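So you can see what is in the structure, the chains are spelled out below.
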Amino acid sequence: MKHIIYTILAIVMLAACQQEELFTTEQGRAVLELTLTRAGRPVATTRAVDDDLVLDIYKSGNIPFVHYDAGTVPQKIVLEPGTFKVVAYTNNQENWKSANGGKGEGCYYAETTVEMESDMVVRLSLDVPMINYAVGLELPEYFNNLFRAYTFILKGGGRTTTIKEGERAYFDVNDGGFTYSLRATNTDGVTKSHSAIEYDEVESGKLFTLRYSYDSDSTTGGVDIVITDDMETDDNDVNL
């Protein structure tokens, strides 16, 4: 019985030493508590950090300090006192243009600076914006009943791609605007089209939707129709 008691006491003393050593190690440090989200994207209520975001932390002087891959970023990070640069981004900074068969995908990036002090918790909430922009297409009702085929062409930044209704193409805001054109063949085999139109008032983080409608002067029963368009922007690309 005495042997059992001694063993239990030894285990308790060992645990106490480990706790004391841990506390001593953390003294003088600061805790960075993170909330990282992509702008306009829903995040699971049980997760404070978006699983698609990568995190880099740099010491003063742009010295790499710690790196976390997407899906591994903890909510709390222990740091030493000092100034740190926090960088959050999606892992497609170099290849977002070639994704989805050349249509591209949303690319997100943000950075900020935090000042960490001894024995303090610094809470950082960072909403990471989309740094490129998206273009979508919306066709009028019954379009697929009146036209047997169509091609919607987008050009921007030296790239050319085609999308269908409900798809998106992504472009670099630094490359300027884009041009768009639509060619459609109706059920009688007649092809209608318009010349490429340029749009250059682009902004990062926005979705530009080309909405086509039937010409109100059409008297052909909706078969041989002229297509007009207007432009609409949304503040955030929320349905990527």
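The following refers to the structure shown. (Residues numbered from 1 in each chain as written. Predicted model: local features only at pLDDT ≥ 70, side-chain atom pairs only at ≥ 80, totals over all residues. Heavy atoms only, no water.)

## Comments concerning the pattern of salt bridges
Applying the stated criterion to the full structure yields 8 salt bridges. With a closest N to O distance of 2.8 Å, Arg38 and Asp50 form a salt bridge. Here Arg38 is found in strand 1 (residues 30–38), whereas its partner Asp50 is found in the loop between strand 1 and strand 2 (53–59), with 12 residues between them in sequence. Comparing Arg38 with Asp50 shows no difference in burial state: the two are buried. The salt bridge partner of Lys59 is Glu80, with a shortest N-O separation of 3.5 Å. (Salt bridge = Lys/Arg side-chain N within 4 Å of Asp/Glu carboxyl O. Helix = DSSP H or I, 4+ residues; strand = E, 2+ residues; numbered from the N terminus. Buried < 20%, exposed > 50% of the residue type's maximum accessible area, 1.4 Å probe, protein only.)

## Here we look at the packing of aromatic side chains
Evaluation of the coordinates by the stated rule reveals 14 aromatic pairs. Seen in terms of ring centroids, Phe152 and Tyr212 are 6.1 Å apart; in terms of plane orientation they differ by 85°. Their pairing is edge-to-face. Here Tyr212 lies in strand 15 (residues 207–214) and Phe152 lies in strand 9 (residues 147–156), a separation of 60 residues in the sequence. Note on accessibility: Phe152 and Tyr212 belong to one class, buried. (Phe/Tyr/Trp six-rings, centres within 6.5 Å; stacked < 30°, edge-to-face > 60°.)

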